[in-house]
Amino acid sequence: MKSSLALRTWAILWKDLLIELRTKQSFSAMVFFAALVLFLFGFAVGPDTATLSRLGGGLLWIAIAFTGMLSLGRTFQSEEVAGGLDGLRMYPGEIRAIYLGKLLANFSMLVVLEVVLVPVAAVLLQLEPWGRFPLFVGITLLGTFGFSVIGTFYASLTQHLRARELMLPLLLFPALVPVFLGAVNGTTLALAGDPLDRIGGWIRLLISFDIIFFVVCVWIYPIVLEE
Amino acid sequence: MFLVPADALQGDVQRLMYVHVPAAWLAMLSFFVVFVMSVLYLIQRDPKWDLVAVSAAEVGIVFTALTLVLGSLWGKPTWGVWWTWDPRLTTTAIMLMIYVGYLLVRSFADDPEKRARWSAIIGIVGFVDVPIVYLSVLWWRTLHQPPSSPRSMAGEFVYVLLLNLAAFTLLYVYLMLRRYRLAIAERHVEELRLTRDDGRIT
Amino acid sequence: MNDRSAPAVRLDTVSKRLGWTWALRAIQLRVDRGSSVAVIGPNGAGKTTLLRVLATLLKPTSGTGAVLGIPLRDGAEAIRARVGLLSSRGHLYGDLSALENLRFAAWMGGVSVDEARLRAALAKVGLDQVSEQRAREFSSGMQKRLAFATLLMRRLDLVLLDEPYANLDSDGIRMVDDFVDEWRAGGGTVLLATHRRGLAVRKADRVAVLQAGCLHRYCRPEELEPADLDPQAEPATPPVLPAG
């Protein structure tokens, strides 16, 4: 009479992605916003291609982070509209499936965004990821996963808080610092070359962060939803 | 701070260290207290742990701000810059943000149980975050060859530092006790104010 | 763990505090299996809170209880496998079709997602013609029927309905009544909370009257006093509440 954790996680992931596919509203907004950020940075930094190229990794991740923060706020909106989380909580089975499903949904949407954004950034900022492409992809995925792990967690926590639009970025930022540093530096090294082979350290940092926070957030999640 | 003769190399500014270091130490201690209290609260659900936690957060945020301001004031004449992205200083600034987040969440939650529970979660996740932040900033800085902050001190200076540390720790404990008593009183007021309308509460 | 001889619901001086107010005070309740209970009372009396406690969405502040013989405190998961809650908002996803909503509910509820079964469930509530239509395009009556379909699919022993008559016309009301009848015919227990007292008491074996969180009276419909249906009434003697 009870679904497995994997099935419930899949169900929530499927539902969220299907809703997003149907409405398309937030994904197109995300793409436009991210492109806007990249353009603005391009204008702010100036047309010198050497500078742009050097800063490219950082600028790309700023665009991803800001866009990600916007889309996180909506993670639980579809539940509010459907009558609150009670509906999901009423089903038997591990309640962490809600967190896992939403986490994977956020992750997937961000990855799709990146697939669109990276070529745009490559053009605007003169980036060349082709040289060490697997490394570049790996770092991007690790960073995106870390972002999704804490982002989904804090999105759930702040869902019922007043001034949610303020609190989510405020709470998220301190936890985001290691991911951001890891992703930016790792990306820059992957793009520009890594004579001293420093990228290993960043990769280890990202992996540790992802594992530690994944475990902590998954473990502590039921307490967030208690009443 | 006023007993010690001016440091040979850095002059009077060095005296700031006698406050900066204890303040930093107590700020971190307070953060640890918030963490422990958060865990205790989530396990036992006893409101008193939550009250200790908020006391530690408020006292801690004061010491953290003090640490940052003094660090900045010390940095300007010493290194010529107000801010250096030094790993310890940067991590302290981020710790301040976590404290602020903790207190803001409390101010935005009306239900005392939710307030205690959510801030406990932030206290725990925040505490897990700080070492990772420190390591990541440290790694970042080692790639860019930073100036290192001087840590060694001559004998008599250490003695004064420890004296200051003891004095500040006593101050900390005193402030914590006062804040805790205030927190208990606040809770009573809250309880009375919100149940006064309903005469049937026994 | 599902003890067949145990009552459907047993609450022993259960109180629930929300914030600083007591939403439920020292509730003593026993509901027999297979019966239908109407929970009536004005808005804010605690009807929704009571249902949510029984659904294990809320944990009691004090007191003990058991649903279908399973203790509230430790058996939340087991309870949720056999209890369904239908709140007035319905928990439907407007952007998904009727069929997709059912499929989601089946996945989450541990029911087989065989396409034929889903369509049969839709047919049962008369929605098979519109199975591919988005739920947001449905009328409130149709949405209610879809919500009932999600409950019917699962094998539930206890169904909690919160304000099921909201926004319904007489056809819709009849549909709710039919659903309650069918549920009881299958041996299930129903608790129905509503502030529309006239509707509720027709179908009930017993009526529980809530006022300001207290269980004012629990009796058969014919034993109700006119004052029980009065929104301004206050409970006779206040119960003793736990300290703190």
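As a starting point, this report considers the structure included with it.

About the thresholds
Residues numbered from 1 in each chain as written. Chains lettered and ligands numbered in written order. Predicted model: local features only at pLDDT ≥ 70, side-chain atom pairs only at ≥ 80, totals over all residues. Helix = DSSP H or I, 4+ residues; strand = E, 2+ residues; numbered from the N terminus. Buried ≥ 20, exposed ≤ 12 C-beta atoms within 10 Å, placed from the backbone. Contact = placed C-beta atoms within 7 Å. Rg over C-alpha atoms; globule rule 2.2 N^0.38 Å. Pairing = 2+ DSSP bridges. Axes fitted to C-alpha atoms, helices over the stretch in contact; angles between N-to-C directions. Nonpolar A, V, L, I, M, F, W, Y, C, P; charged D, E, K, R; others polar. Left-handed = near helix turned anticlockwise from the far one by under 90°.

## Re the overall build of chain B
Line of reasoning, step 1. Within chain B one finds 5 helices and 0 strands.
Line of reasoning, step 2. The linear arrangement of helices and strands in chain B, starting from the amino end, is α-α-α-α-α.
Line of reasoning, step 3. Each of the 202 residues in chain B was classed as buried or not, and the buried ones make up 34%.
Line of reasoning, step 4. Intrachain contacts of chain B at a sequence separation of at least 6 include 75% that bridge at least 24 residues.

## A short note on the overall build of chain A
Line of reasoning, step 1. Within chain A, the secondary structure is distributed over 9 helices and 0 strands.
Line of reasoning, step 2. Taking 227 residues into account, the globule formula puts the C-alpha radius of gyration at 17 Å, and chain A, at 18 Å, falls close to it.
Line of reasoning, step 3. If one aligns the C-alpha atoms of chain A with their principal axes, the spans along those axes are about 60 × 35 × 30 Å.
Line of reasoning, step 4. Residue burial in chain A is summarised as follows: out of 227 residues, 48% are buried.
Line of reasoning, step 5. Sequence separation of at least 24 residues holds for 83% of the intrachain contacts in chain A that already meet a minimum separation of 6.

## Looking at the pairing of strand β3 (residues 36-40) of chain C
Residue and element names in this part refer to chain C.
Line of reasoning, step 1. Of all the 5 residues making up β3, 5 are buried; the element is thus mostly covered by neighbouring parts of the structure.
Line of reasoning, step 2. Where β3 lies against strand β8 (residues 189-194), 5 bridges are found, and the strand directions are parallel. The residue bridging Val 39 from the neighbouring strand is Ala 193, located in β8.
Line of reasoning, step 3. Sheet analysis places β3 next to strand β9 (residues 206-211), joined by 4 bridges and oriented parallel.

## Some details on the sheet that holds β3(C)
Residue and element names in this part refer to chain C.
Line of reasoning, step 1. With mixed pairing, 6 strands are arranged side by side in an open sheet as β6-β7-β8-β3-β9-β10. Both outer strands of the open sheet, β6 (83-86) and β10 (214-219), are each paired with one neighbouring strand and no more. For this sheet, the mean inter-axis angle between neighbouring strands, taken without regard to orientation, is 15 degrees.
Line of reasoning, step 2. For β6 and strand β7 (residues 158-162), the ladder comprises 4 bridges, and the chain directions are parallel. Bridged to Gly 84 within β7 is Val 159.
Line of reasoning, step 3. Here helix α6 (residues 170-185) sits on the sheet and contacts β3, β7 and β8; the angle it forms with β8, its principal contact strand, is near 155 degrees.

## Looking at the interface of chain A and chain B
Where the parts come together, the accessible area they lose is often given as the size of the interface.
Line of reasoning, step 1. Facing 25 residues of chain A, the contacting portion of chain B comprises 25 residues.
Line of reasoning, step 2. Mapped onto the side of chain A that touches chain B, the elements with two or more residues apiece are α8 (164-192) and α9 (199-225) of chain A.
Line of reasoning, step 3. Ranked by residues supplied to the side of chain A that touches chain B, first place goes to α8(A) with 11 residues.

## Re the interface of chain A and chain C
Line of reasoning, step 1. Listed by partner, the interface residues are 23 residues for chain A and 23 residues for chain C.
Line of reasoning, step 2. Those elements giving two or more residues to the side of chain A that touches chain C turn out to be α1 (5-23), α4 (77-81) and α5 (86-90) of chain A.
Line of reasoning, step 3. Sorting elements by how many residues they give to the side of chain A that touches chain C places α1(A) first, with 8 residues.
Line of reasoning, step 4. Split by residue class, the side of chain A that touches chain C holds 10 nonpolar, 6 polar and 7 charged.

## Points about the packing of α8(A) against α9(A)
A packed helix pair is summarised by two numbers, namely the angle formed by the two axes and the spacing between the axes.
All names here are of chain A.
Line of reasoning, step 1. Axis separation between α8 and α9 bottoms out at 9 Å; the angle between their running directions is 145 degrees. Along this stretch, α8 crosses α9, giving a crossing that reads as left-handed. Contact residues: Pro 178, Val 179, Gly 182, Ala 183, Asn 185, Gly 186, Leu 189 and Ala 190 in α8; Ile 199, Trp 202, Ile 203, Leu 205, Leu 206 and Phe 209 in α9.
Line of reasoning, step 2. A class-by-class count of the residues in the contact of α8 with α9 yields 11 nonpolar, 3 polar and no charged.

## So, the sheet that holds strand β5 (residues 70-71) of chain C
All names here are of chain C.
Line of reasoning, step 1. Reading across from one edge, β2-β1-β4-β5 is the order of the 4 strands in this open sheet, with antiparallel pairing throughout. With one partner strand each, in any of the chains shown, β2 (21-31) and β5 form the two edges of the open sheet.
Line of reasoning, step 2. For strand β1 (residues 9-18) and β2, the ladder comprises 7 bridges, and the chain directions are antiparallel. Residue pairing in the sheet places Val 9 in a bridge with Val 31 of β2.

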